[in-house]
Amino acid sequence: MKLDSLDGLMKPKSVAVVGASATPGKIGYTVIQNLQKDGYKGAVYPINPNATEILGYKVYPNVTSIPEAADAAIITVPAKFCLDVVDECGRKGIKNLIIITSGFSEVGDKELEEKMVETAHKYGSRILGPNIVGICSNSEKFNGSFAPFLPLEGKSSLISQSGALLIAIDASSYIRGVGFDKLISIGNMADIDFADLVTWLDKDENTSCISMYVEGFKDGRTFIEACQKASKPIIALKSGVSAHGAAAAASHTGSLAGAAKVYGAAFQQAGVIQAADLDDLFDRSLALSLQPPMKGENLLVLTNGGGVGVLATDAAEKYGVPLKFAPADVQAELKKHMPEFGSAKNPVDMTGMAGNEWYYATTKFSYAHKWVDGLVVLYCETAMTNPLEIAQSIKKAVDDSGVKGKPVTVSFVGGERSVNAMRWLVDHGIPAYGAPDLAINAIAALREFYKMKEIVNEAPISCEGFQYEQAVEIINKARTEGRDSLTEIEAKQVFSIYGLPVTATELAKTEDEAVALAKKIGFPVVMKIVSPDILHKSDAGGVKVNIKDEAAARDAYQTILKNAKAYKANANIHGIAVQEMAPWGTEVILGSVNDPTFGPTMMFGLGGIFVEVLKDVTFRVAPVSQNQALRMFSEIRGAPILAGVRGEAPRDREALADVICRYSSMIIQLQDEISESDANPVLVYEEGKGVKVVDARIILKKKA
Ligand code: COA
């Protein structure tokens, strides 16, 4: 079904208010009042069966009687009347319905909500909400909400899943001096979701940054795709960090896949910057909405105070844009604008003697210099300087530099004059903050945006060329035997179909067969019990390693069988796996879950105690590109171990990244079959020497 564009929702030329009320204090009254007082220029059609006039507007008894099919209808009638109103709007040809009313899926009535969406779609209409505050748009002077006023004007637009938070952000925009063009309450997302709004806002000429407060998505993949296609910066504050889906986990990966980690991964892949908290959402949105991305890594800091310079240096390290000394020619030029005792390295300390001229000269030169990819200008209020004049010098210097497309952020530390000067800067397009670390954090967001977009724009990996049917055959065989997991041997067969380098493993049904296989594979070997009833083989005494000769193989065979029977008398034993004993390497774990929001998702971490105790793992929604996989390695605390510590050679990260790509292709192709899986341990060797998957586990999806 083709559903119309959201233009009529976001920029309505006329609006009906169904449930408009003449009684002050009611939401249906407030919406009419807001449309009027905040200067909405379109036609307003209040609808109420009992009133004739509200705030000077003519009132209509029902939707059918208004003179035109309005672009949008704001609905403020109680829940039990909403379905009829949606239908009436559809018949009238109103395509955009802003349903403020509460009392649907959020209180358990999903059915009524679904019926409304079904009815709306029948007419090609869309629903925003229900259970929302409404929409505020500065560029349209449209306050179609019960928020008290339009927010401070600004260039970012915010989508909020919490109505109360939206109202709070509206009011605090004035206190913080961070404005928005639009505030959109998204509520229950019965129909229009984040993905729809991201797609629309990305084309909106009045929005330069898309900010969002997220509690959870219904369809994570649609969100990722919409964000990947968007060209504007997107920043999200996600609440709710509790684990989900972990309770019934049958794999290591399943027990470690908390919502926060998977969402964090999805945001990265979507190219969405994360805000640490509400303050951060404001701060980073401001920079992202006013300044271009930072395309290189060279950040220069100008300051008149050593203290703020050091704070900025620390913050630069923390936020991933560490300062480097400026090249000699840059230092030589900057030296001309400071006393002998100043420093032209980086941060460039002009000392407390810096006035308008020095700020102007150093800013203009630095901003224009090709070495500088981003500039942060710091200022501490002194008695000899006027903050507003300093601000004006900075702005003029940037304009006069003749350069465009580089980011600059500013921090003024001082009193009221500094606060006012910063407001002036923001009004003139330069984000300014009351602390040096905030200015650094802001420019770091612009750097992050650039880097993320680079990765997002990589060609997606292809899933072709693997023997999907063969893998399904192995899985179906297990299913016909009534099993919901594969044995290690079967799991390894599936892994090798996808090109994962598993240790050579074969099944022995007798002691003699075990000896013959051990000789074929070559001593030393490992022997393991193979039984669908024994998932934790080591706990059952079902694993023997470093078996060096025939006698040891015979002994191991008997001991493992005896242990397994003692562990579970009636266990169905397929036999004993004889496998190649892989040489020692760095142990890592790979795994997958089928996340309820994002679907097939990969995990990577260092093995052993790193995963058991420290839970030092990271995630990506599949498919995972080679570069994304390489990025995963730097995200864990144990990253230096893969890079090579204490004189050890670096590990083969390229080979490991390739395995992650292949693994992710496997869980995408087999998403209807695999519920969770682990490759644990995977041994990673020195660069150029590859990796080996030593153990494998695949838990199957339950089929109806
Ligand atoms: N067409 C037009 N008007 C209708 C109507 C219909 N089919 N059915 C009822 N109305 C009118 C009513 O007559 C009333 O007008 P009145 O004041 O002149 O009598 C008006 O619609 C509102 O109905 P009322 O029964 O008075 O409800 P209310 O104003 O107390 O509450 C809601 C209605 C929608 C505000 C309330 O049900 C609700 O959902 N509140 C929560 C909203 C919220 O917080 N949303 C955001 C969450 S973040």
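Definitions and cut-offs
Residues numbered from 1 in each chain as written. Predicted model: local features only at pLDDT ≥ 70, side-chain atom pairs only at ≥ 80, totals over all residues. Heavy atoms only, no water. Helix = DSSP H or I, 4+ residues; strand = E, 2+ residues; numbered from the N terminus. Buried < 20%, exposed > 50% of the residue type's maximum accessible area, 1.4 Å probe, protein only. Contact = heavy atoms within 4.5 Å. Near = heavy atom within 4 Å. Polar contact = N/O pair within 3.5 Å; in protein donor to acceptor, adjacent residues only side chain to side chain. Areas by Shrake-Rupley, 256 points an atom, 1.4 Å probe, with all protein chains shown as cover. Nonpolar A, V, L, I, M, F, W, Y, C, P; charged D, E, K, R; others polar. Phe/Tyr/Trp six-rings, centres within 6.5 Å; stacked < 30°, edge-to-face > 60°. Lys NZ or Arg CZ within 6 Å of the ring centre and 35° of its normal. Pairing = 2+ DSSP bridges. Salt bridge = Lys/Arg side-chain N within 4 Å of Asp/Glu carboxyl O. Axes fitted to C-alpha atoms, helices over the stretch in contact; angles between N-to-C directions. Core = buried A, V, L, I, M, F, W, Y, C linked by side-chain atoms within 4.5 Å. Parallel < 35°, antiparallel > 145°, perpendicular 65-115°, else oblique. Left-handed = near helix turned anticlockwise from the far one by under 90°. Arc of directions from axis to C-beta. Lys, Arg positive; Asp, Glu negative; His and termini not counted.

Participant: Any chance you could explain the overall build of the protein here in plain terms?
Facilitator: Along the protein, the regular secondary structure elements total 24 helices and 29 strands. Taken along the three principal axes of its C-alpha coordinates, the protein extends 95 × 80 × 40 Å. Across the 704 residues that make up the protein, the buried fraction comes to 56%. Counting contacts in the protein only where the partners sit at least 6 residues apart, residues at least 24 apart contribute 71% of the total.

Participant: Sorry, what's going on with the site of the ligand here?
Facilitator: Near the ligand, the surroundings consist of 21 residues, among which Ser-21, Lys-26, Asn-48, Ile-100 and Ser-102 are the closest. Contacts to the ligand include Ile-132, whose backbone N or O atom sits 3.4 Å from a nitrogen atom. Relative to its unbound accessible surface of 970 Å², the ligand loses 69% to contact with the protein. Here the residues of the shell around the ligand sort into 10 nonpolar, 10 polar and one charged.

Participant: What am I meant to see in the packing of aromatic side chains here?
Facilitator: Each aromatic ring pair is described using two quantities: the centre-to-centre distance and the angle formed by the ring planes. Counted according to the given criterion, the structure contains 17 aromatic pairs. Where Tyr-40 meets Phe-142, the ring centres are 5.2 Å apart and the plane angle is 55°; that geometry is what we call tilted. On the criterion of sequence distance, the pair formed by Tyr-40 in the loop between helix H2 (27-37) and strand S2 (43-47) and Phe-142 in strand S9 (residues 142-145) is long-range, its members being 102 residues apart. The exposure class of Phe-142 is buried, given its relative accessible area of 0%. In this structure an aromatic cluster arises from ring pairing among Phe-194, Phe-217, Phe-223, Tyr-263, Phe-267 and Phe-598. Just above the ring of Tyr-263 sits the side chain of Lys-238; from NZ or CZ to the centre is 4.4 Å. A cation over a ring is seen here: Lys-345 above Phe-325, with NZ or CZ 5.7 Å from the ring centre.

Participant: I tried to follow the pairing of strand S29 (residues 696-700) on my own but got confused; where do I start?
Facilitator: Taken residue by residue, a regular strand's side chains alternate between the two faces of the sheet. Across the five residues that make up S29, a large majority, five, are buried. Side-chain alternation along S29 places Ala-696, Ile-698 and Leu-700 on one buried face and Arg-697 and Ile-699 on a second face that is also buried. Two elements, strand S27 (residues 674-684) and S29, share five bridges in a ladder whose sense is antiparallel. Within the sheet, the bridge partner assigned to Asp-678 lies in S29 and is Arg-697.

Participant: Would you mind showing me how to read the pattern of salt bridges here?
Facilitator: Should their charged atoms come close, side chains of opposite charge can pair. Considering all chains together, one arrives at 40 salt bridges under this definition. With a closest N to O distance of 3.7 Å, Glu-481 and Lys-477 form a salt bridge. The class for Glu-481 is partly exposed, based on a relative accessible area of 43%. Across the pair Lys-492 and Glu-488 runs a salt bridge whose closest N-O atoms are separated by 2.9 Å. With Lys-492 and Glu-488 both in helix H18 (residues 488-497), this residue pair falls four residues apart, about one helical turn. When salt bridges that share partners are traced, they join Glu-488, Lys-492, Lys-528, Lys-537 and Asp-695 into one network.

Participant: Before we go on, may I ask you to explain H2 in this structure?
Facilitator: An α-helical segment advances 3.6 residues per turn. Residues three or four places apart therefore align on the same side. For H2, the set of buried residues is Gly-28, Tyr-29, Thr-30, Val-31, Ile-32, Asn-34 and Leu-35. If you follow the buried residues of H2, they end up packed against strand S1 (14-18), S2, strand S3 (53-54), strand S4 (57-58), strand S5 (72-75) and S9. Positive backbone phi, approximately 90°, marks Gly-39, located one or two places after H2.

Participant: What should I look at first to understand the sheet that holds strand S22 (residues 543-547) in this one?
Facilitator: Sheets are built from strands paired through backbone hydrogen bonds, the pairs being either parallel or antiparallel. Within the open sheet, the four strands sit side by side as S20-S23-S21-S22. Their pairing is antiparallel. The two strands at the open ends of the sheet, each matched to only one other strand, are strand S20 (505-508) and S22. Direction aside, neighbouring strands of the sheet carry axes that sit 25° apart on average. In this sheet, strand S23 (residues 575-580) lies alongside strand S21 (residues 525-530) in antiparallel orientation, the contact comprising six bridges. By the bridge assignment for S23, Val-526 is matched with Gln-579. Where H18 meets the sheet, its contacts fall on S20, S21 and S23, and the angle it forms with S20 comes to roughly 150°. Here helix H20 (residues 550-567) sits on the sheet and contacts S20, S21, S22 and S23; the angle it forms with S21, its principal contact strand, is near 25°.

Participant: What should I look at first to understand the nonpolar core in this one?
Facilitator: Of all hydrophobic cores here, the largest spans 73 residues; its most connected members are Leu-300, Phe-412 and Ile-440. Top element by residues in this core is helix H16 (residues 436-456). It accounts for nine residues. Once you skip the residues sitting within four places of it in the chain, Phe-412 turns out to touch Tyr-379, Pro-387, Ile-390, Ala-391, Ile-394, Ser-418, Ala-421, Met-422, Leu-425, Tyr-433 and Gly-434.

Participant: Explanation requested: the packing of helix H17 (residues 468-480) against H18 in the structure shown.
Facilitator: When two helices pack together, you describe them by how their axes are tilted relative to each other and by the distance separating the axes. Close contact between H17 and H18 brings their axes to 9 Å; oriented N to C, the two are set at 165°. It follows that H17 is roughly antiparallel to H18 by the angle criterion. At the point where H17 passes H18, the crossing takes the left-handed sense. Judged by residue contacts, Gln-470, Ala-471, Ile-474, Lys-477 and Ala-478 of H17 engage Glu-490, Gln-493, Val-494 and Ile-497 from H18. Among the residues forming the contact of H17 with H18, the class breakdown is five nonpolar, two polar and two charged.

Participant: Which parts of the structure should I look at to understand helix H12 (residues 328-335)?
Facilitator: Of all the residues in H12, the buried ones are Val-330, Gln-331 and Leu-334. Projected down its long axis, H12 shows its buried positions confined to an angular sector of 95°, all on one face. In this fold, the buried residues of H12 make contact with strand S15 (299-303), strand S16 (348-349) and helix H13 (356-368).

Participant: Is there a simple way to think about unusual backbone geometry in this case?
Facilitator: Across residues other than glycine, the phi torsion is negative in most instances, and most of the peptide bonds are trans. A cis geometry characterises the amide bond from Phe-523 onward to Pro-524, with omega recorded as -5°. One can find Pro-524 in the loop between helix H19 (511-521) and S21. At Met-189, a residue that is not glycine, the phi angle is positive and equals roughly 50°. Mapping Met-189 onto the fold places it in the loop between strand S11 (180-185) and helix H6 (194-203).

Participant: Would you take a moment to explain the sheet that holds S15 for this structure?
Facilitator: Strand order across the open sheet formed by five strands is S16-S15-S17-S18-S19, with parallel pairing between neighbours. The sheet terminates laterally at S16 and strand S19 (432-433), the two strands that pair on one side only. Across six bridges, the pairing between strand S17 (residues 374-380) and strand S18 (residues 408-413) is parallel. Considered in S18, the bridge of Val-377 is made with Val-410.

Participant: Teacher, can you tell me more about the side chain of Lys-453 here?
Facilitator: Relative to the helices and strands, Lys-453 is located in helix H16. One buried charge, Lys-453, has no salt-bridge partner; the nearest side chain with opposite charge is Asp-202, at 7.3 Å.

Participant: Which parts of the structure should I look at to understand the pairing of strand S26 (residues 617-621)?
Facilitator: Along S26, five of the five residues are buried, which leaves the element largely enclosed by surrounding structure. Neither face of S26 is open: one carries Val-617, Phe-619 and Val-621, the other Thr-618 and Arg-620, and all of them are buried. In this structure, strand S25 (residues 599-606) lies alongside S26, joined through five bridges in antiparallel fashion. Its bridge partner being in S26, Gly-605 is matched across the sheet by Val-617.

Geometric values such as these leave the question of function open.
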